[in-house]
Amino acid sequence: MVTTIGSSSDADEIQKLVQKAKQWIQHKLGIIELDFENNIEKTKSVLKNIEQINVKGIELLLGNIYDEIGFSSV
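Cut-off values and rules
- Residues numbered from 1 in each chain as written.
- Predicted model: local features only at pLDDT ≥ 70, side-chain atom pairs only at ≥ 80, totals over all residues.
- Heavy atoms only, no water.
- Helix = DSSP H or I, 4+ residues; strand = E, 2+ residues; numbered from the N terminus.
- Rg over C-alpha atoms; globule rule 2.2 N^0.38 Å.
- Buried < 20%, exposed > 50% of the residue type's maximum accessible area, 1.4 Å probe, protein only.
- Areas by Shrake-Rupley, 256 points an atom, 1.4 Å probe, with all protein chains shown as cover.
- Lys, Arg positive; Asp, Glu negative; His and termini not counted.
- Charge placed at Lys NZ, Arg CZ, Asp CG, Glu CD.
- Patch = residues over 30% accessible without salt bridge, like charges linked within 9 Å, V, L, I, M, F, W, Y side chains within 5 Å.
- Salt bridge = Lys/Arg side-chain N within 4 Å of Asp/Glu carboxyl O.
- Contact = heavy atoms within 4.5 Å.
- pLDDT = per-residue confidence, 0-100.

Trainee: Whenever I open this one, the overall build of the protein confuses me. Can you help?
Mentor: Counting secondary structure elements, the protein contains 3 helices and 0 strands. Seen in sequence order, the protein has helices and strands lined up from the N terminus as α-α-α. Its C-alpha atoms give the protein a radius of gyration of 27 Å, more than 25% over the compact-globule value 11 Å for 74 residues. The dimensions of the protein, computed from C-alpha atoms along their principal axes, are 80 × 30 × 15 Å. Taken over 74 residues, the protein has a buried fraction of 1%. For the protein, the exposed surface amounts to about 7,400 Å²; the carbon and sulfur share of it is 56%. With 8 positive and 11 negative side-chain charges, the protein shows a spacing of 8 Å between the two charge centroids.

Spelled out as structure tokens, the structure:
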């Protein structure tokens, strides 16, 4: 045995201890859990704060092909 989290006969307290034990195990193993709760709200918040989007990569990649085909002269 490495550690003792606790014991109880109360069902609610047992659930709390189980959660505490799971957290201890994750910490001991170095596991980091990603939080996907409220993902939609977080996404909306990020998108609301975007002021400008510049797409440069596609232009650099396809610009030469566009010119070689002759579309730039049209």
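Trainee: What should I look at first to understand a nonpolar patch on the surface in this one?
Mentor: Nonpolar side chains collect at one region of the surface, where Val46, Leu47, Ile50, Ile53, Val55, Ile58, Leu61, Leu62, Ile65, Tyr66, Ile69 and Phe71 lie side by side and expose about 1,200 Å² of accessible area between them. Elements with a minimum of two residues in the nonpolar patch: α2 (39-48) and α3 (57-69). The element best represented in the nonpolar patch is α3, accounting for 6 residues. Note that Leu47 resides in helix α2.

Trainee: Explain the environment of Trp24 here, please?
Mentor: In this fold, Trp24 is placed in helix α1 (residues 11-29). Taking relative accessible area as the criterion, Trp24 reaches 31% and is therefore assigned partly exposed. Put simply, Trp24 and Glu68 are 44 residues apart on the chain and 61 Å apart in space, counted from C-alpha to C-alpha. In this structure Trp24 touches Val2, Thr3 and Ile5, once residues within four positions along its chain are discounted.

Trainee: Whenever I open this one, the environment of Glu33 confuses me. Can you help?
Mentor: Relative to the elements of secondary structure, Glu33 occurs in the loop between α1 and α2. A residue is classified by how much of its surface remains accessible, and Glu33, at 59% relative accessible area, is exposed. Remark: the alpha-carbon pair of Glu33 and Leu17, spanning 16 residues in sequence, is separated by 19 Å.

Trainee: Help me understand the confidence of the model for the protein, please; the structure alone is not making it clear to me.
Mentor: Detailed reading of the predicted coordinates is not advisable wherever pLDDT is low. Model confidence for the protein is summarised by a mean pLDDT of 84, while 99% of its residues fall at 70 or above. The secondary structure element of the protein with the lowest average pLDDT is α3, at 80, and the one with the highest is α1, at 93.

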